[in-house]
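This is what each chain is made of:
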Amino acid sequence: MNARVLVAMSGGVDSSVAAALLREQGYDVVGVAMRLAPEWPPGIRQRRSTCCSHDDFEDARRVAERLNFPFYVVDLRAEFRANVIGNFVSEYLNGRTPNPCVMCNREIKFDRLWQRAAALGADFVATGHYARIKRDEGGAFHLLRACDHAKDQSYFLFTLGQREMRRTLFPLGNLSKTQVRTLARGLGLANADKAESQEICFVADGNYAAFVSQNAQPAQIRAGSIRDSSGEELGRHNGIHHFTVGQRRGLGIASRAPLYVRTIDAETGDVTVGRRDELVSDGLLAGMVRLAHPETLSGEDIPIEAKIRYRHPALPAILRILPEARAQVRFLSGGPAVTPGQACVFYRGDEVVGGGIIEARLGR
Amino acid sequence: MRIYLDHNAGAPLRPAARDAMMRFIVGGGEGNPASVHFSGQRSRRFLEEARADVATLIGAPPRSIVFTSGGTESNNLAIFGAVHNATRPRIVTSTIEHSSIIAPVTELERRGFEVVRLVVDEDGRLHAQGNFNVIDQNTALVSLGWANSEMGALQDVRLFAQAAQSAGAVFHVDAAQAAGRIPMTVEESGCDLMSISAHKIGGPAGIGALYVRPGCTLAPLLLGGPQETGSRAGTPNLCGVVGFGAAAREVRTGLAAEQEHVARLSALLLRRLEASVPGLRLNGPRDTRIRNTLNLTFPGVLGETLLIALDLEGIEISMGSACAAGAVEPSHVLLAMGRSSSEARSSVRLSLGWSTTLEDVERAADIIPRVWRRVAAAEFLSEQSRAEPWP
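The sections below set out a description of the structure shown in this document. Keep in mind that this is a model prediction, so the values were computed, not measured.

## Re the overall build of chain A
For step 1, the next point in the chain: Helices and strands together make up the secondary structure of chain A, namely 7 helices and 17 strands.
For step 2, the next point in the chain: Computed over C-alpha atoms, the radius of gyration of chain A comes to 21 Å, within 12% of the 21 Å expected from 2.2 N^0.38 for 364 residues, which places it in the range of a compact globule.
For step 3, the next point in the chain: Taken over the C-alpha atoms alone, chain A extends approximately 70 × 55 × 35 Å along its principal axes.
For step 4, the next point in the chain: Taken over 364 residues, chain A has a buried fraction of 54%.
For step 5, the next point in the chain: Pairs at least 24 apart in sequence give 66% of the contacts found in chain A among residues at least 6 apart.
For step 6, the next point in the chain: Summing over all exposed atoms, chain A offers an accessible surface of approximately 15600 Å²; the carbon and sulfur share of this is 48%.
For step 7, the next point in the chain: Here chain A contributes 47 positive and 41 negative side-chain charges, whose respective centroids are spaced 2 Å apart.

Here is the structure:
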């Protein structure tokens, strides 16, 4: 009997082609759409492209019908609310800028969904992520960047351990987005030219601060002062969750030179702003650090490339492993604004060797 | 071969219904029954023969049968039609009704009616005690399901009919799941209005009927021509009507034997499952129910996962009601019976019917416990091996 693979389908072109490729390769494909986000308020869905809307499920269902494999919708809303939305809200309330996709991959797609897959007798879970998993001669698994570096999504997947990689397939890892769209057209998939979903899927209108306010207790909202680097108050704000480090727009402060958010202090409620050059950092401190193969990262100072935001290039840096799942990352040359709450992923060439969540910047 | 255990959602088309529809289509199928000419008269004959067959199934005079597009339209027509000119402000229903009763009644509540939703006991049964005093001179309509689609409980409709009658209220019974499953006549039930649906008894989907007691006036939902004695404008779905009539005829003639057969298979399946799934719970009354329906709580699993896992093994069952996206919601019926949300999420419905064979049941009794064990093990192991919370 062919290996059964549960393919997480969003209704987008990537996961659709992933399912099609696996079917071509002879897998027993079972398509699944995950119901994750709370229902949209009426009228909002039409405004922009997202995932897990009703139309997206219908797109996924049509692909499954066309390629003739079974398709189901599974309800993971409770798990998503507890593990992804809850974390997203509390991180913002604590002055950090979370990356919910990292959390969703870890908690939902490669854990809770795997649970469902195992229950359905599946051998693998597959997604339309652009990333690769390689098995070495010793049988260990390695997470690699996608061949298409422009689309590479390995950044969001750094928490995957051996257990998860063993049961995961990324059929698009060797393909470019252009190739994927061409394949989709060749297969006659109606969603071949569907726009990409970009923003955070559960915040319907892209207004994160409003979402956080709606999902927080009033007592959790931390209002405070906007100060310059010398500590002088430039104005007031009504909640630190409106800010992210590196932010320029929407500060409500008049100034000759553009001002950027430098730090957010959840204790005092202070938001410090400064000129662009004041954002530059030497490195960062990361917590909740995961290393893919700790035994291979020997020595005090480990040369790596560090990626501190999904859209940033990886920068040459020196990694130092600290106790309690912490790590220090020093950029070899001046680094960009470091945003606490985002993931810092450690690469060596194409391989993801680990990563963590940014706790603080190291100043100059 | 797939094993179809979802008759309450829609029974497979009976060969007799299929053959009758084929004869109708192959024989021309043209002709509006309202037309004067030969073809019209031919169609009219098909229509009226089917009406007589459907009427006989529920012991009603043929003239009292209004064909509709299905159980949902029948319920809508009954509820909106009965209260259209009502001066009484109250509607009495229950907490375990089908969505096609819940939604119209909720809409009427929004328009100003007072709605009383009678509660059920833990077996899903309504009791006369304390419930009859809300059925009084202020009550315009009592609308109740006879047999519950999700767990099969049968209600004492006669008692409620008597209460409605003495209060002068219209009594509507939704018999979509009861018709063809228990012997019945509209007279015995005491109802003024009765909804039935073709595809629950092995007719085609998209056709149903509403019995309207002679003398009971109903405002139509659809306005237009004088079809269906003015209660439902528009040319009826003739092919569907023909299939409905044939299915009704077959059910009527073979009801006792077929129901005995289904009851035996269902009891066997329950016994086999109870023997191999420790902690399995039957929801709904053990006795006062339609025998084909088994609503079961499987310990330690999500019904949603069990349903999908069984589908992949060729066994087709269902759970609660599907949302627009195709995901399943926990059953409001089980919640109304006092089950917890997690118990409701662990419950699925198996419903047998005319097409179910002993072999189906024996295979299902082998496969279901095996799949349940796999699903339960996956959920248990995953809880055990979950990584420490992160962060």
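That covers the picture; the talk isn't over yet.
## Brief notes about the pairing of strand β8 (residues 208–212) of chain B
Residues and elements named next belong to chain B.
For step 1, the next point in the chain: Among the 5 residues in β8, 5 count as buried, and that is most of the element.
For step 2, the next point in the chain: With burial as the criterion, each face of β8 is covered, one bearing Gly208, Leu210 and Val212 and the other bearing Ala209 and Tyr211.
For step 3, the next point in the chain: Here strand β2 (residues 65–68) pairs with β8 via 4 bridges, running antiparallel. By the bridge assignment for β8, Thr68 is matched with Gly208.

## A word on helix α7 (residues 238–276) of chain B
For step 1, the next point in the chain: Along its 39 residues, α7 of chain B runs just 47 Å from first to last C-alpha, ending more than 12% under the 57 Å computed at 1.5 Å per residue.
For step 2, the next point in the chain: Remark: the principal bend of α7 of chain B, roughly 80°, maps to Leu255 of chain B.

## Details of the nonpolar core
Nonpolar side chains in soluble globular proteins generally cluster together in the buried interior.
For step 1, the next point in the chain: Of all hydrophobic cores here, the largest spans 72 residues; its most connected members are Phe202 of chain A together with Leu269, Phe298 and Leu350 of chain B.
For step 2, the next point in the chain: For this core, the element with the most residues is helix α11 (residues 358–385) of chain B, which contributes 10 residues.
For step 3, the next point in the chain: Among all residues touching Leu350 of chain B, those that are not within four sequence positions of it are Leu5, Leu269, Leu273, Asn292, Thr293, Leu294, Leu296, Ile317 and Ile368 of chain B.
For step 4, the next point in the chain: Grouped together as the second largest cluster of nonpolar side chains are 66 residues, Trp146, Ile182, Ile196 and Ile201 of chain B included.

## Quick notes on the sheet that holds strand β4 (residues 124–126) of chain A
Across a sheet, strands are paired by hydrogen bonds formed along the backbone, either parallel or antiparallel in direction.
For step 1, the next point in the chain: Strand order in the open sheet formed by 5 strands is β3-β2-β1-β4-β7 (chain A), and the pairing between neighbours is parallel. The open sheet has two edge strands with one neighbour each: β3 (71–75) and β7 (168–169) of chain A.
For step 2, the next point in the chain: Across 3 bridges, the pairing between strand β1 (residues 4–8) of chain A and β4 of chain A is parallel. Each bridged residue has a counterpart across the sheet, and for Leu6 of chain A the counterpart in β4 of chain A is Val125 of chain A.
For step 3, the next point in the chain: Sheet strands in contact with helix α8 (residues 303–312) of chain B are β1, β2 (28–35) and β3 of chain A, and its direction is about 165° off that of β3 of chain A.

## Concerning the sheet that holds strand β4 (residues 114–118) of chain B
All names here are of chain B.
For step 1, the next point in the chain: Overall, mixed pairing links the 7 strands, which are arranged β2-β8-β7-β6-β5-β3-β4 in an open sheet. Two strands in the sheet have a free side with no partner beyond their single neighbour: β2 and β4. The average undirected angle you get between the axes of adjacent strands in this sheet is 20°.
For step 2, the next point in the chain: Sheet topology places strand β6 (residues 170–174) next to strand β7 (residues 193–197); 3 bridges connect them, and they run parallel. Bridging from a neighbouring strand, Val173 pairs with Met194 of β7.
For step 3, the next point in the chain: Along the sheet face, helix α2 (residues 38–57) touches β2, β7 and β8 and points at about 110° away from the line of β2.

## Observations regarding the packing of helix α1 (residues 15–26) of chain B against α7 of chain B
Each pair of packed helices gets described by two things: the angle between the helix axes and the distance between those axes.
Residues and elements named next belong to chain B.
For step 1, the next point in the chain: One can describe the packing of α1 onto α7 by two numbers: an axis separation of 8 Å at closest approach and a directional angle of 145°. Considering only the axes of α1 and α7, their crossing is right-handed. Contacts between α1 and α7 involve Ala16, Ala17, Ala20, Met21, Phe24 and Ile25 on the former and, on the latter, Leu238, Cys239, Val242, Gly243, Ala246, Ala247 and Glu250.
For step 2, the next point in the chain: Taken together, the residues of the contact of α1 with α7 break down into 11 nonpolar, 1 polar and 1 charged.

## A few points about the environment of Ser266 of chain B
Residue and element names in this part refer to chain B.
For step 1, the next point in the chain: Among the secondary structure elements, Ser266 is positioned in helix α7.
For step 2, the next point in the chain: Residues Ser266 and Thr293 lie 27 residues apart in sequence; the distance between their C-alpha atoms is 7.5 Å.
For step 3, the next point in the chain: Not counting residues within four places of it along the chain, the set of residues in contact with Ser266 comprises Arg291, Asn292, Leu294 and Leu352.

## Description of the side chain of His142 of chain A
Residues and elements named next belong to chain A.
For step 1, the next point in the chain: The topology assignment puts His142 in strand β6 (residues 141–145).
For step 2, the next point in the chain: Residue classification places His142 among the buried residues on the basis of a relative accessible area of 15%.
For step 3, the next point in the chain: Polar side-chain contacts of His142 include one of 2.6 Å to the side chain of Glu351.
For step 4, the next point in the chain: With residues near it in sequence (within four places) discarded, His142 still touches Arg132, Ile133, Lys134, Asp136, Met165, His293 and Glu351.

## Remarks on the packing of aromatic side chains
Residue and element names in this part refer to chain A.
For step 1, the next point in the chain: Tallied over the full model, the rule gives 15 aromatic pairs over all chains.
For step 2, the next point in the chain: Between Tyr155 and Tyr310, the ring centres sit 6.2 Å apart and the planes meet at 35°, which makes this aromatic pair tilted. Of this pair, Tyr155 sits in the loop between β6 and α5 (162–166) while Tyr310 is found in the loop between β13 (302–307) and β14 (315–322), placing the two residues 155 residues apart along the sequence. Here Tyr155 matches Tyr310 in class, with each residue buried.
For step 3, the next point in the chain: The side chain of Arg145 reaches across the aromatic face of Tyr347, ending 4.3 Å from its centre.

## Overview of unusual backbone geometry
For step 1, the next point in the chain: Not every positive phi belongs to a glycine, and Ala325 of chain A is a case in point at roughly 55°.
For step 2, the next point in the chain: Among the secondary structure elements, Ala325 of chain A is positioned in the loop between β14 and β15 (326–335).
For step 3, the next point in the chain: Unusually for a residue other than glycine, Thr229 of chain B sits at a positive phi of about 45°.
For step 4, the next point in the chain: Summarising the element assignment, Thr229 of chain B is placed in the loop between β8 and α7.

## Some details on the pairing of β6 of chain A
Residues and elements named next belong to chain A.
For step 1, the next point in the chain: In terms of burial, β6 is largely enclosed, as 5 of its 5 residues are buried.
For step 2, the next point in the chain: Examined bridge by bridge, strand β5 (residues 131–135) and β6 share 5 bridges and lie antiparallel to one another. When the bridges of β6 are listed, Arg135 appears paired with Phe141.
For step 3, the next point in the chain: From the end of β5 to the start of β6, which pair antiparallel, there are 5 residues, and Gly139 there has a positive phi angle of about 90°.
For step 4, the next point in the chain: Where β6 and strand β17 (residues 351–362) come together, 2 bridges link them in antiparallel fashion. Bridging from a neighbouring strand, Leu143 pairs with Val352 of β17.

Reading the values: rules and limits
- Numbers given for residues are sequential positions, taken from 1 along each chain in its written order.
- The naming scheme follows written order: chains are lettered A onward, ligands numbered 1 onward.
- Given that the model is predicted, a residue must reach a pLDDT of at least 70 before its local features are reported, and side-chain atom pairs must reach 80 or more before they are shown or counted; all residues, however, enter totals for whole chains, interfaces and linings.
- Values shown for side chains rest on all heavy atoms present in the structure; no hydrogens or waters enter the calculation.
- Secondary structure is summarised from DSSP: a helix means a run of H or I of at least four residues, a strand means a run of E of at least two, and numbering begins at the N terminus for each.
- Throughout, radius of gyration means the C-alpha value; the globule benchmark is 2.2 Å times the number of residues raised to the power 0.38.
- Burial classes: relative accessible area under 20% of the type maximum marks a residue as buried, over 50% as exposed, and values in between as partly exposed (1.4 Å probe, protein chains only).
- For this analysis, residues touch if any pair of their heavy atoms sits within 4.5 Å.
- For the accessible areas, the method is Shrake-Rupley and the probe is 1.4 Å, while residue cover comes only from the protein chains on display.
- Charge assignment in this entry is limited to Lys and Arg as positive and Asp and Glu as negative, and neither His nor the chain termini are counted.
- The atom standing in for a charge is NZ when the residue is Lys, CZ when it is Arg, CG when it is Asp and CD when it is Glu.
- Strands were regarded as paired on the criterion that DSSP finds at least two bridges between them.
- How far a helix is expected to stretch is found by multiplying one less than its residue total by 1.5 Å.
- Here the bend at a residue means the angle between the axes of two seven-residue stretches, the one that ends at it and the one that starts at it.
- Remark: nonpolar core denotes a set of buried residues (Ala, Val, Leu, Ile, Met, Phe, Trp, Tyr, Cys) joined through side-chain atoms within 4.5 Å.
- Axis geometry follows a simple rule: fit a line to the C-alpha atoms, using only the stretch in contact for helices, then measure angles between N-to-C directions, giving values from 0 to 180 degrees.
- Handedness of a helix crossing follows the sense of rotation of the near helix relative to the far helix, less than a right angle counterclockwise being left-handed and clockwise being right-handed.
- Ten residue types, Ala, Val, Leu, Ile, Met, Phe, Trp, Tyr, Cys and Pro, are classed as nonpolar, four, Asp, Glu, Lys and Arg, as charged, and the remainder, Gly among them, as polar.
- Think of a polar contact as two N or O atoms within 3.5 Å of one another; within protein, one of them needs to be a possible hydrogen donor and the other a possible acceptor, and neighboring residues in sequence only count if both atoms come from side chains.
- Planes of paired rings set the category: under 30 degrees apart is stacked, over 60 is edge-to-face and the rest tilted, where pairs are Phe, Tyr or Trp rings (Trp by its six-membered ring) whose centres lie within 6.5 Å.
- In this analysis the charged atom, NZ for Lys or CZ for Arg, is taken to sit over a ring once it is within 6 Å of the ring centre and within 35 degrees of the ring normal.

Everything listed here is a matter of geometry and, on its own, says nothing about what the molecule does.
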